[in-house]
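Residue-level structural notes
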Amino acid sequence: MGCASSIHISDRVVYHSGKESEEPPHTHSHTHTCTPDTGHRSSAGGQGSLTELQFGPMKLYEDQLQVLLVFARDDAQSSSFISACERCGFSCSVCRTPEAALECVLQKSPDLIIIDHRHPRGLDGEALCRSIRAVSCSHHTVIVAVVKRPDREEATVMPLISAGFNRRFVENSSMMACYNELLQLHHGEIRAQIKLRACNAVFTALEQSQEAVEISSEDHIIQYVNPAYECMMGYQRGELLKENTEVPKSERNKPDLLDNISSCMLRGKEWQGVYYAKKKNGDSVQQNVRMTPVIGQGGKVRHCVSVNRPLNDHNKTEKSCERVQAESQTDIPQSSKHKDRRKGSLDVRSTTSRGSDAGSSQRRHSSMARIHSMTIEAPINKVINIINAAQESSPLPVAEALDRVLEILRSSELYSPQLATKEEDPHTNDLVGGLMMDGLRRLSGNEYIFTTKQLHHMTSHLTTPLSLNDIPQCIAQTMENEDSWDFDIFNLESATLKRPLAFLGLKLFSRFGVCEFLGCAEATLRSWLQNIESSYHGNNPYHNSTHAADVLHATAYFLCKERVKQSLDPIDEVAALIAAAVHDVDHPGRTNSFLCNAGSELAVLYNDTAVLESHHAALAFQITTRDDKSNIFRNMERNEYRTLRQAIIDMVLATEMTKHFEHVNKFVNSINKPLAALEENGGSEDEDSVKSVLTSPENRILVKRMLIKCADISNPCRPLELCIEWAGRISEEYFAQTDEEKQQGLPVVMPVFDRHTCSIPKSQISFIDYFITDMFDAWDAFADLPNLMQHLDNNFKYWKSLDERKLRSLRAPPEEHA
């Protein structure tokens, strides 16, 4: 056991680690400061250490405990307590006289005082305890009386309690008995007092708050008001607290409002709304009030905390506040406890009369009052208010169910499903973590530096695509069925030497009249397509220009569907085609989570939020506008260009997976469900109502987002051979990311994508289950895509069959085919 101790005694000799020196004779005390016995103790801090405590939402820190032993003489009992303090790691002082003990209390404010009350004639413990309790700094000190073991019948402890003792300790000179007593005191009364002492900080905050705060009992008896409440209501605190005053009520409040508030308090629910409070002069003042019930003894609501803000006449309230404050400084005596607590802190009642500070405060609170009186409400707030109102007239089971509804609505993740039923599926969890999160905390100093310097040198090696009329025959034949969903993009990739985007883009943009809409020449479009394609990374297995061409093809296919054509305008179609072409430009073949964990330049630039999607959108416009020869927007009218630009950006950002479920659910609730209701209404559709649903500006945005999202991850809905090829490519890209994460010491975002252990069929099943099925069900209900849904069903069965045979590869071994 390590113990550095110093002992002060009356014969002027000081013992400290075996050394001697002269000391004045007045101290009459011993002090032991000890390091903890780490073999026996884990929670108490050693000298200078801090132990963290939790007090509700407040974090506290406990310093080394200070213990004062008051024993008239050394004996086995005092020695055992000294040894026990050493073992606990407490700082221990020993005093021999009441005078020395009182001096020590004033100087050190000990947490625990142990007084020897076995020999009242030599040391009157009760008198000393009363003297200590008269000192203000001892209010939160735990005081223990050491008493003799009773010879006969057990005596009452009431005299000790009346004197101010917290508890007694029947003499026991066993060091372990003393040690156990100290541990129980520490984790019981002492820590309770530390937490009570921390309440001073809470009361100081309440006293200095410029919002009126009132605390009442369950019987509506006022138990506390802060100075701001005094200012607002015209009362003085002493008036409200001295005679069990009830909360003043205004006759202007309707009875059902008061019943509503009482009902909320009894059920332990917070209430917020507009309420009339009665001032001392009889006036009723309208306030924005938040009332919060507080559970207390017996698990019942014992207090109600009200925070009140005036809705109007705020400046007048401020002026009356100053007047009441001035009066209160002379008229209201503060209790000794509050004097001690606030002695060294700013008196809030004098702050509002200080020149510019007062003006700033008035302006700030006047602005807040205007904000609270505004009638602007977000839709979600309106929904919550309607549910709150409905609860009041509902049976208890319905009210409880609506409580749960309100909890869900107040969540910040309204559209993200919980994985409660899929926790055992590592593939689903890894896909969600890898695709829907922006990364873990950075755990490594390694940085993934990503730039686009290689782009220019790539461009110089590419041949400019020919005009649409001069496309080579072999490429033209490959694109003959580009209007079919079963179009094979990999044949075009091979025929164009991995430049499918420029050729397919020329044909599709021509079919949709993009050049005519933009007012640009075909040569400008050709140059733009070349620049965009050259900015894709050809060495990425998946996120390359072939993927961009595939998404462009799917986008064009969806744009030809009748419901989509009814919903979108020409500018929407052009925006969708351009967004599809650029949606992954300059993709590094790594996920957002990887870039955030690696501290990449892009992650820093975009604050770890939608990193790649923000980069794709920004770079697309940089590439387009940096050279007039490829600027397809050059001839557009300014307002039309801004509308087009915003639509493109919105669609590219919609491909970010963190908001996947939000986009899908909004589409279903705002479009699918209203259309289904119209179709069920008498078996016929109201054309005007359908048109209203399809063409409202908000719903057009949802359609465009859903369209590009489905186009972006449509691989599982392609014919089986195309689906298998895409699955192999994305798996290889994820394998490469996992390899690099391990090499660089980064967090492995998707551990199941280890090339040595991964089951590709399982990963595809999880992706289809979690992301694809619901989304394409919704898109099919809107756009009518039976062929896609058939492919999806076939592909899912294919992956399922491989998984059931415990196969982890893309295909079954050749012998199984035979």
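The coordinates are above.
Residues numbered from 1 in each chain as written. Predicted model: local features only at pLDDT ≥ 70, side-chain atom pairs only at ≥ 80, totals over all residues. Heavy atoms only, no water.

Okay, the overall build of the protein next. Helix and strand counts for the protein come out as 34 helices and 16 strands. Here the protein, with 818 residues, has 49% of them falling under the buried criterion. For the protein, the share of sequence-separated contacts (at least 6 apart) that also reach a separation of at least 24 residues comes to 68%. For the protein, the accessible area works out to roughly 40000 Å², and carbon and sulfur atoms hold 50% of it. (Helix = DSSP H or I, 4+ residues; strand = E, 2+ residues; numbered from the N terminus. Buried < 20%, exposed > 50% of the residue type's maximum accessible area, 1.4 Å probe, protein only. Contact = heavy atoms within 4.5 Å. Areas by Shrake-Rupley, 256 points an atom, 1.4 Å probe, with all protein chains shown as cover.)

Both strand β12 (residues 212-217) and strand β13 (residues 222-225) contribute to a ladder of three bridges, which runs antiparallel. The residue bridging E214 from the neighbouring strand is V225, located in β13. Between the end of β12 and the start of β13, which pair antiparallel, lie four residues, with H220 showing a positive phi angle near 70 degrees. (Pairing = 2+ DSSP bridges.)

Quick look at the sheet that holds strand β15 (residues 284-295) now. Read across the sheet, five strands follow the order β13-β12-β16-β15-β14 without closing on themselves; strand pairing throughout is antiparallel. With one partner strand each, in any of the chains shown, β13 and β14 (271-278) form the two edges of the open sheet. Neighbour-to-neighbour, the strand axes of this sheet turn through a mean angle of 30 degrees, independent of strand direction. Against the sheet, helix α8 (residues 255-266) engages β14, β15 and β16 (301-310), with an angle of about 125 degrees to β14. (Axes fitted to C-alpha atoms, helices over the stretch in contact; angles between N-to-C directions.)

Packing of helix α27 (residues 638-654) against helix α30 (residues 697-712) leaves a shortest axis separation of 8 Å and a crossing angle of 50 degrees. Judged by the inter-axis angle, α27 sits oblique to α30. The element α27 and its partner α30 pack so that their crossing is right-handed. Residue-level contacts link A647, D650, M651 and A654 of α27 to I701, K704, R705, I708 and K709 of α30. Tallied by class, the residues present in the contact of α27 with α30 amount to five nonpolar, no polar and four charged. (Parallel < 35°, antiparallel > 145°, perpendicular 65-115°, else oblique. Left-handed = near helix turned anticlockwise from the far one by under 90°. Nonpolar A, V, L, I, M, F, W, Y, C, P; charged D, E, K, R; others polar.)

Attention now moves to unusual backbone geometry. One non-glycine residue, D586, lies in positive phi territory at about 65 degrees. Backbone geometry at A610 places phi at a positive 45 degrees, although glycine is not the residue there. On the secondary structure map, A610 appears in the loop between α25 (601-605) and α26 (611-625). Relative accessible area serves as the criterion here: at 11%, A610 is assigned to the buried category.

Bringing the pairing of β16 into the picture now. Here β12 pairs with β16 via six bridges, running antiparallel. From the neighbouring strand, E214 faces β16, where its bridge partner is S306. Here β15 pairs with β16 via nine bridges, running antiparallel. For R290, the partnering residue across the bridge sits in β16 and is V307. Connecting β15 to the antiparallel partner β16 that follows it, the hairpin turn spans five residues, and G298 within it adopts a positive phi of roughly 75 degrees.

The periodicity of an α-helix, 3.6 residues per turn, causes residues three or four positions apart to be oriented the same way. In this model α30 runs 23 Å from its N-terminal to its C-terminal C-alpha over 16 residues, within 8% of the 22 Å that 1.5 Å per residue would give. The element α30 is largely enclosed, with a buried count of 13 among its 16 residues. (Expected span 1.5 Å × (residues − 1).)

Moving on, we come to the pattern of salt bridges. According to the stated counting rule, one finds 32 salt bridges in the structure shown. With a shortest N-O distance of 2.5 Å, E211 and R309 are connected by a salt bridge. Note that E211 is positioned in the loop between α5 (175-208) and β12 and R309 in strand β16, a separation of 98 residues in sequence. Its relative accessible area of 25% is what places E211 among the partly exposed residues. Overall, R309 belongs to the partly exposed group, its relative accessible area being 24%. Each of the salt bridges in this network shares a partner with another, and the network as a whole consists of D75, D116, R118 and E171. (Salt bridge = Lys/Arg side-chain N within 4 Å of Asp/Glu carboxyl O.)

Time to look at the packing of aromatic side chains. The geometry of an aromatic ring pair is captured by two quantities: the separation of the ring centres and the angle between the planes. Here the structure, examined in full by the defined rule, presents 22 aromatic pairs. Seen from their ring centres, W485 and Y557 are 5.2 Å apart, and the 50 degrees between their planes marks the pair as tilted. Of this pair, W485 sits in the loop between α16 (473-478) and α17 (489-495) while Y557 sits in helix α21 (residues 545-559), and the two are 72 residues apart along the sequence. Given the relative accessible area of 2%, W485 is considered buried. Accessibility expressed as a relative area gives 13% for Y557, which makes it buried. With centroids separated by 6.5 Å and ring planes inclined at 75 degrees, the aromatic side chains of F621 and Y641 adopt a geometry described as edge-to-face. Of the two residues, F621 is situated in helix α26 and Y641 in helix α27; the sequence distance between them amounts to 20 residues. Judged by its relative accessible area of 6%, F621 falls in the buried class. In textbook terms, an aromatic cluster arises when at least three aromatic residues are bridged by ring pairs, as seen for W485, Y557, F558, F667, W779 and F782. Positioned over the ring face of Y179 is R87, at 4.5 Å from the centre of the ring. The side chain of R645 reaches across the aromatic face of F621, ending 4.6 Å from its centre. (Phe/Tyr/Trp six-rings, centres within 6.5 Å; stacked < 30°, edge-to-face > 60°. Lys NZ or Arg CZ within 6 Å of the ring centre and 35° of its normal.)

Take α21 next. End to end, α21 covers 21 Å across 15 residues, agreeing with the expected 21 Å (1.5 Å per residue, within 8%). The N-cap of α21, judged by a side-chain oxygen 3.0 Å from the amide nitrogen of T546 a few residues on, is N544. (Polar contact = N/O pair within 3.5 Å; in protein donor to acceptor, adjacent residues only side chain to side chain.)

Let's shift gears to the nonpolar core. Counting residues in hydrophobic clusters, the biggest one holds 117 residues, and the most contacted among them are L518, W528, F558, F776, W779, F782 and W799. In terms of residue count, the dominant contributor to this core is helix α32 (residues 760-783) (13 residues). Setting aside its immediate chain neighbours within four residues, F776 contacts F558, C710, I713, S714, C717, L788 and M789. Core analysis: the next-biggest nonpolar cluster, separate from the first, contains 27 residues, F81, C85, V142 and I194 among them. (Core = buried A, V, L, I, M, F, W, Y, C linked by side-chain atoms within 4.5 Å.)

The residue G282 is located in the loop between β14 and β15 in this model. For the pair formed by G282 and P248, sequence separation is 34 residues and the distance between their alpha carbons is 9.7 Å.

Below, the discussion takes up a nonpolar patch on the surface. Together, V157, M158 and I161 make up a nonpolar patch on the protein surface, roughly 250 Å² of accessible area in all. With respect to the secondary-structure elements, M158 resides in helix α4 (residues 158-163). Look at M158 and you get partly exposed, because its relative accessible area is 46%. (Patch = residues over 30% accessible without salt bridge, like charges linked within 9 Å, V, L, I, M, F, W, Y side chains within 5 Å.)

On the secondary structure map, D111 appears in the loop between α2 (98-108) and β9 (112-116). A polar atom in the side chain of D111 sits 2.9 Å from the backbone nitrogen of Q66. D111 has contacts with Q64, L65, Q66, T141, V142, I190 and R197, leaving out every residue within four places of it along the chain.

Another aspect to go through is the environment of C515. For C515, the position within the fold is in helix α19 (residues 514-518). Residues C515 and I632 lie 117 residues apart in sequence; the distance between their C-alpha atoms is 8.0 Å. Setting aside chain neighbours within four positions, we find C515 in contact with C520, A521, E522 and L525.

Moving on, we get to the environment of K269. Structurally, K269 can be placed in the loop between α8 and β14. In this structure the C-alpha to C-alpha distance between K269 and V294, which are 25 residues apart in sequence, comes to 9.4 Å. Contacts of K269, omitting those with residues within four sequence positions, involve C264, M291, P293, N388, Q391 and D403.

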